[in-house]
Amino acid sequence: MAFHTSHFLHGGDYNPDQWMDRYPEILDEDMRLMHKAGVNVTSVGIFSWVRYEPSEGEFHFEWMDQLLDRLHHNNIKAFLATPSGSKPAWMSRQYPEVCRVDARGRRDHHARRHNHCWSSPVYRRKVADLNQRLAARYMDHPAVLLWHLSNEYNGECHCPLCYESFRQWLRQRYQSLEELNHAWWSEFWSHRITDWELIDPRDHSIDGLRLDWHRFVTDQTVDFLKAEVAALRKGGAQQPVTTNMMGTFPHLDYWKIAPYLDVIADDAYPTWKYHDQQDRTTAAHTAFLHDMHRSMKGGQPWLLMESCPDTVQWAPVPKRKRPGVYRNEMLLAVAHGADSVCYFQWRKGRGGMEKFHGAVVDHEGSENTRVFQQVAELGQTLHHLPQIPGTTTPAETAIIFDWEVRWAMQTSDGPSRIDKGDPYLAPVLDLHHAFWNHGIPTDVLQSTADFSGYRLLLAPQLFLLLPGVAEALHSFVHKGGTLLLTQLSGVVNESNLTFLGGFPGNGLRQWTGVWAEEVDYLYPEDSQSLQFNNTSDFPLRGNFPTGPVVESLRAEDAETLATFQNDFLASKPAFTRRRLGSGQVFYLAARMPVSFYHQLAEAFRSSLGLRRSLETHLPEGVAASHRTDGNHDFVFLQNFTQRPHQIQLDQDDYTCLESEQRLPEGLHLPPWSTRLLQRPAR
Amino acid sequence: MAFHTSHFLHGGDYNPDQWMDRYPEILDEDMRLMHKAGVNVTSVGIFSWVRYEPSEGEFHFEWMDQLLDRLHHNNIKAFLATPSGSKPAWMSRQYPEVCRVDARGRRDHHARRHNHCWSSPVYRRKVADLNQRLAARYMDHPAVLLWHLSNEYNGECHCPLCYESFRQWLRQRYQSLEELNHAWWSEFWSHRITDWELIDPRDHSIDGLRLDWHRFVTDQTVDFLKAEVAALRKGGAQQPVTTNMMGTFPHLDYWKIAPYLDVIADDAYPTWKYHDQQDRTTAAHTAFLHDMHRSMKGGQPWLLMESCPDTVQWAPVPKRKRPGVYRNEMLLAVAHGADSVCYFQWRKGRGGMEKFHGAVVDHEGSENTRVFQQVAELGQTLHHLPQIPGTTTPAETAIIFDWEVRWAMQTSDGPSRIDKGDPYLAPVLDLHHAFWNHGIPTDVLQSTADFSGYRLLLAPQLFLLLPGVAEALHSFVHKGGTLLLTQLSGVVNESNLTFLGGFPGNGLRQWTGVWAEEVDYLYPEDSQSLQFNNTSDFPLRGNFPTGPVVESLRAEDAETLATFQNDFLASKPAFTRRRLGSGQVFYLAARMPVSFYHQLAEAFRSSLGLRRSLETHLPEGVAASHRTDGNHDFVFLQNFTQRPHQIQLDQDDYTCLESEQRLPEGLHLPPWSTRLLQRPAR
Amino acid sequence: MAFHTSHFLHGGDYNPDQWMDRYPEILDEDMRLMHKAGVNVTSVGIFSWVRYEPSEGEFHFEWMDQLLDRLHHNNIKAFLATPSGSKPAWMSRQYPEVCRVDARGRRDHHARRHNHCWSSPVYRRKVADLNQRLAARYMDHPAVLLWHLSNEYNGECHCPLCYESFRQWLRQRYQSLEELNHAWWSEFWSHRITDWELIDPRDHSIDGLRLDWHRFVTDQTVDFLKAEVAALRKGGAQQPVTTNMMGTFPHLDYWKIAPYLDVIADDAYPTWKYHDQQDRTTAAHTAFLHDMHRSMKGGQPWLLMESCPDTVQWAPVPKRKRPGVYRNEMLLAVAHGADSVCYFQWRKGRGGMEKFHGAVVDHEGSENTRVFQQVAELGQTLHHLPQIPGTTTPAETAIIFDWEVRWAMQTSDGPSRIDKGDPYLAPVLDLHHAFWNHGIPTDVLQSTADFSGYRLLLAPQLFLLLPGVAEALHSFVHKGGTLLLTQLSGVVNESNLTFLGGFPGNGLRQWTGVWAEEVDYLYPEDSQSLQFNNTSDFPLRGNFPTGPVVESLRAEDAETLATFQNDFLASKPAFTRRRLGSGQVFYLAARMPVSFYHQLAEAFRSSLGLRRSLETHLPEGVAASHRTDGNHDFVFLQNFTQRPHQIQLDQDDYTCLESEQRLPEGLHLPPWSTRLLQRPAR
């Protein structure tokens, strides 16, 4: 089922349940203020289980009837949640099995949220029952636009039921203990499993087990999500469904969740420092998330489900969000494919641990706050851009980001010790950053994706190669694609077993022409650099300091474009190219700083003729992105710095989307500002 | 019952129980050395339960009979302890319920001290029984001056009995679940309590619950303390009672304990660094504690129950205490109202985890140590000051320090993230520091205190307003008082629910004339400053960098005395005044460094004509305090720096308390020294 | 039983069990590669329990038969392990008692290794049974050179069986509760033990208990080890036994384990930083370990059982080991008495948490790697040095390093707070470093060792004096020895009770002539220094900054050679000497930096005429060591810096051990290199 909206959705999480009993006047005031703020959608019912069912079997839906009617009456739509994210306390007492068990075997007391076992038959039954009732009741309510499944699914449970479920999952995966033992290399430290019952997921000695546990947690979550949807459908609900993801949340493989959603939704909480260098990095990382969410359904628009119009109370330094910063952050999502701008939260509650979380409406309660005013302004802007919703961004470049690769690195002792246990993420973000900075549209792909539509494929640290990936990469290159591989590629297979015969493995040593004999790590005080040859036709020259990971590479059958300069790597290859079929594969043997990737991206762009959202040079911290409906391109020019910039537009015919006026070639971009341009589609 | 002493008490914790079995000669030696050291009081029996009752029902008191007789014979008094602070191991095994349970539900093994459940009926009964026996036996022993209740009450227990007790406490407080749910804002995250039994104190999502749990722990401790006293009285004891507090210990509201004591007692362990800037801060913070303890019973003298004549073994760097440092530290307590100087401990034990805790008598055992000599010298000094015990310090200025405010900030996510989770304490200490530095006597008050005797009331970060406090502040100002409010005032009510309608809430926005629209936090690299107007009659001028918390303030009906200079706060009000009735209220919208508070204190002093202990300018790190008996003032002039200072006395008639000689106007103050002066009472 | 080898052993841990099922060709390849690498020994069967006994009572030894035959056929010897270090999972399920319990009372799930209870009768029986079977089967297998007991014994268990065992151990030690209570000073905090059953090892208040628990854990481990050996002997095994130690592992007293081994074996994993200052310290600390292991059996050669030919995967920065670094590290062990160079591991496994641990054979699998080549080169070197195995290093100097002293400091609150809880180790290493740096051979001794063969005895921080030690020290001095005592000497007795009467205690105050009245600690920003007299005949002059621990010393009957310069210690004695009988005792009242110890070592050397391995001046980071067979001395000259050095040999007649050529007086030593010299024995 697809989800479309003909106009931008603007709104956010709305919890009138906190106010209705004692402050009924607040609900009236909410309608007045939503109108003023240009709000047309709200997420409701997210944590309302105890209100629906204050004691077992006693149901109350009238309040939600009234709420939805009121919203409808005010022309406001609803994302109606299933309340599985936080169960009532009576259920934890009545059925202790619904509470999670931690890795030390301790059953949780009732507290917080996201606190339920994934396997518990009781909990599954209770959720299905309530979802079905909600569906039956609101299947055709005109206010309900979308079902919001639970909230930020996360966490894991170590109860006997979940362990049994893991063992079943393993039986399916491996069929025999012999296969499992080989995959887990369990002869190591005498860990051979001689009976399925002996499997204990807490044995961190077995890296294959750890990887499988990660997969299982995702699969279990997906299974739970599917059961939620099934109950809604059984209840008769016809509306599309989604759930709110959390960016690159480390513990769930969102690639496996995406197929079950009708539209992708994400919660984004970037932290701005009001220092240019850090903020442009934050902007780039945020753009990466947005590109990933846009790519998850092949370019379809997605929903920004939660963001903060102001400060988050959980920040170590809960700094206020300045007006331009807020506007840029929201329009960055729109620039990268979001068809909504939604906030957590509409109104600050009086109590609870999120009482100081930023909201559109402050405790003060009026429309007179700075925050409210800026939200209302953006509401106006969005209201005047009906051309954009539904449009997309075509890309010639793609970068691989895959949770399975990440988990393989995290569970492989050695590599896992870098970057506080998450050695995969940073280089991916850094490389994407460089392309974003040039305004080169980039998709973000799973390693098993179809690469055929792209001209350039970036595969930083492709440590794990799932079955078929090596072949797909080879085929991509052979048919004319350009592939970039880097250090720590092709190291383990799907079971976290290292390839034999030299890295990059699984055949890559042969067709890339390089053997990465050793990987070395630098202390902060060490230095290494790479120097480009002056003779090659690859348009990159000069000497560049490396980052903290370098490889001792042998160019067995590849052209050396750059060599290392120091230490025992001196004069060894650092960057190579091999032509293959009608394509080419590059191997970069060092993790590098963003500044180098920036030059590398430019070299790829100029040599491959990659197109940019704006064909002009952009200063650091200024970004250009675009969406297109085939007739017109909508260009977002954004300044994430505290300085004004003068931008030279390219030769095309630009008008301002807001004023509809023709734009001069030299465009003034104030600090922390966004200009919205339109031009004929290219 | 009141406690009076006609001379300074000098002594400390005395544990002959560790020596009497195998080293009887040590007890004789103790008497000889106590005489040499000028010791006239000892705390005895603090951890003696197993000696009184080595197995259940088998009691031995002869040793205490002999000890008290021996002390009496040597003209040494006793603070006789109840031994509830550490139970015998046999009791932990016989009655496991007496052991505490931690927040993860784990019953403690027998170890340490302060290790008992507060609710256990068995433990209560055992304590009452032993206290009653002690009282009956020593009710009229001439050596027993005072009952020392337990020792440094602290800790909490998570056993089912304590949880049940908490639920009873809540029933009393709220009467109905409806009231409790509103107070706890429990609709948030579906945490509504639908049955009293469902309350789980470990649910940190509910900030109201967390605040109530803090209150409950204090109330439970008070209840335990009262039961201890009741048993003593039932046994016939007539002597006054106290217990030793621990300064600003975060987990007990000492304002609620103070009423049940006949005299206030405190344990003070300041850490000196032998670097002037840090040491003057340490001295100021220590003076704050002393002022608080003096204020707890309206100016009555209090007892310094524990201090260290040398190094504490638990310091990260267990640095020796230099002689002048020791003397200054002890006389600082006396200057601020202590009528005793007592040490932990008289003699170092041979074993146990405090074997290296500083003591008057070292393992070496003779009177020849540096430490013994300095103690004996101070003993001499105290012996020659019989005028001082019983005297007090009148104050025109008071500062509010309230555990309920502190807990509200600590449990409110957002503000709680500053200052390592204790955002309330530092600004209070800093503001008090400034007044201490000028020699302006300052009382320390609970927020519900009677403010009527004061001219200036400092209420830094009065985040929580208990019922009646807003009205009391208004009344104070209306009747002519000067009130200073600061950032983060009037934010929540007694349930930790934010006020609605704009901060400072509960009516304060109206009568202070300011609305604190937003609170902002600075990164260490950020900078903000405030600039004073040149036109106002408030005697403060110039530009001052702020601390890390600033507010976006609107002066709705107040005079702006200073404005912010940077960032989005530029030109907004930073410091305001509103006249009201015959008084005035100031609002300072930024946390500031001590150096600013110093100038602010001077501005208040000069504009209000506040009196100082010495009417002269004092260099940083030099302090003047005084006590008075109505006829004479006793002035303590103390140098907490490593440099000598020349102090210009004021015009009064000063004699030296020790030499009784007339003093010149220019007084030399060597490094780390105290001069004791006397003048006619003012 | 003694262990001798007529040639260097070269090899390492070999786990063909990980490969034999699916990769039989790998085993053939291993033999080919071992031959190329000069490998003549392997450690086998270390974690093979599940392969021997995949289900209870089902045994498989054929694979080991074949393995040993294959090794024998290839002239490779085996260290055959007992597999007690990691039990099969079925055993953990069948007999939960075999799993350890942690200090919070939680029974371990099955995971990791070193995961068994020490007391469990079931586990003891299972281990004995399997050991006996192995012994019976391989008692006369020609490949089996040595039994390798378990692997890196470590850890403790808090189960009821172990606690009961501890109580029995205490009954034996103390006989009566009265003695125990005195030793534990348990009147402190009411901790008197009134029934053996009340003893809880987790009571950290009792420092005597903590010390005893440490001792018990060692004794329990020794008991387990002895049972392992007994089972081997019962099975008929005649070969010698060893186990691999872990340097100065904090939790086992290896002095108590050494007597039960036929040869000492150690695992050494120094971390090189490739920065000269740090690396020379690392080299010195490693040399200390080697000296200790050589001293453990009176100078007999020992086995380097595990080392890494490359990077360890568990390093925070898993840096590759450069070739010269590798070679120096291995030859450092040989220089200090090792008769083997063995690695963990021969070949990298494909999975498990050590899959990236350095190995001779990489995942790549060929002999073409840099690492393999360097190992093969060293194999060649060792092959050509048949003169050296069996030789030893006579020493005139000894330094005391004793785990009981270390534990006493660690469990004594106060001193324990320095150096992250291990205040004993660093000064010992630093002092040894100085002597190593001069090329002065030094033995490392337990405090209860026989000192009679030495001329200079270094006893840094001899905090605890076991019974008889004070007398032995006195006798050593009286008979002509030179003794160096330092700060924090003679503080506690064997029960962790402080001595009375002034430190150094137990009579030392009397015969050293000094009283260490106070110990003081410095903040990092503090400074203190000591100044030597110009008049004494002790050949040391000048002013030296101290380290962070200093003492207030009184020279009651000793000559003051140096005095402190600052603070309250100014002009007090810092370094004293007292002549006694025909010897002398020095007392150094400050912890000092290595640079001072270097000068002190030189002063001792020149005044006592101590001999060096090479009678020449050595630059920092260059070390000379030697071994001798009585006819020839074999001198190892090693450069642990990144710079070349020119070394002036002494007047003796030197030939190069490798080239057998006569050497010039000025010898060139490239960066990170070792020269092997031979001369006539001195």
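It should be emphasised that the depicted structure is a prediction, and the values quoted were computed from it without experimental measurement. (Residues numbered from 1 in each chain as written. Chains lettered and ligands numbered in written order. Predicted model: local features only at pLDDT ≥ 70, side-chain atom pairs only at ≥ 80, totals over all residues. Heavy atoms only, no water.)

### What to know about the confidence of the model for chain A
Moving on, step 1. For chain A, the mean per-residue pLDDT works out to 97, and 100% of the residues sit at or above 70.
Moving on, step 2. The ipTM assigned to the predicted complex is 0.96, against a pTM of 0.97. (pLDDT = per-residue confidence, 0-100.)

### Details of the packing of helix α14 (residues 425–438) of chain C against helix α17 (residues 594–608) of chain C
Residues and elements named next belong to chain C.
Moving on, step 1. Two elements in contact, α14 and α17, have axes whose closest approach is 8 Å; the angle formed by their N-to-C orientations is 50°. When the axes of α14 and α17 are compared, the pair comes out oblique. As α14 runs across α17, the sense of the crossing is right-handed. For the pair α14 and α17, the contacting residues are Pro 427, Asp 430, Leu 431, His 433, Ala 434, Phe 435, Asn 437 and His 438 in the first and Val 594, Tyr 597, His 598, Ala 601, Glu 602 and Phe 604 in the second.
Moving on, step 2. Grouping the constituent residues of the contact of α14 with α17 by class yields 8 nonpolar, 4 polar and 2 charged. (Axes fitted to C-alpha atoms, helices over the stretch in contact; angles between N-to-C directions. Helix = DSSP H or I, 4+ residues; strand = E, 2+ residues; numbered from the N terminus. Parallel < 35°, antiparallel > 145°, perpendicular 65-115°, else oblique. Left-handed = near helix turned anticlockwise from the far one by under 90°. Contact = heavy atoms within 4.5 Å. Nonpolar A, V, L, I, M, F, W, Y, C, P; charged D, E, K, R; others polar.)

### Some details on the packing of aromatic side chains
Moving on, step 1. Counted according to the given criterion, the structure contains 125 aromatic pairs over all chains.
Moving on, step 2. Between Phe 166 of chain B and Phe 216 of chain B the ring centres are 5.1 Å apart and the planes differ by 55°, which places this aromatic pair in the tilted class. With Phe 166 of chain B in helix α6 (residues 160–174) and Phe 216 of chain B in helix α8 (residues 207–234), this residue pair connects regions lying 50 residues apart in the sequence. In terms of burial, Phe 166 of chain B and Phe 216 of chain B fall into one category: buried.
Moving on, step 3. Taken together, a centroid distance of 5.7 Å and an interplanar angle of 55° make the contact between Phe 538 of chain B and Phe 575 of chain B tilted. Of this pair, Phe 538 of chain B sits in the loop between β15 (529–532) and β16 (543–545) while Phe 575 of chain B sits in strand β19 (residues 573–580), and the two are 37 residues apart along the sequence.
Moving on, step 4. An aromatic cluster is present here, built from Phe 532, Phe 538, Phe 544, Phe 575, Phe 586, Phe 596, Tyr 597 and Phe 604 of chain A joined pairwise through their rings.
Moving on, step 5. Between Arg 347 of chain B and the ring centre of Trp 19 of chain B, over which it is positioned, the NZ or CZ distance is 5.6 Å.
Moving on, step 6. The lysine or arginine in question, Arg 133 of chain C, covers the ring of Phe 59 of chain C, its NZ or CZ lying 3.8 Å from the ring centre. (Phe/Tyr/Trp six-rings, centres within 6.5 Å; stacked < 30°, edge-to-face > 60°. Buried < 20%, exposed > 50% of the residue type's maximum accessible area, 1.4 Å probe, protein only. Lys NZ or Arg CZ within 6 Å of the ring centre and 35° of its normal.)

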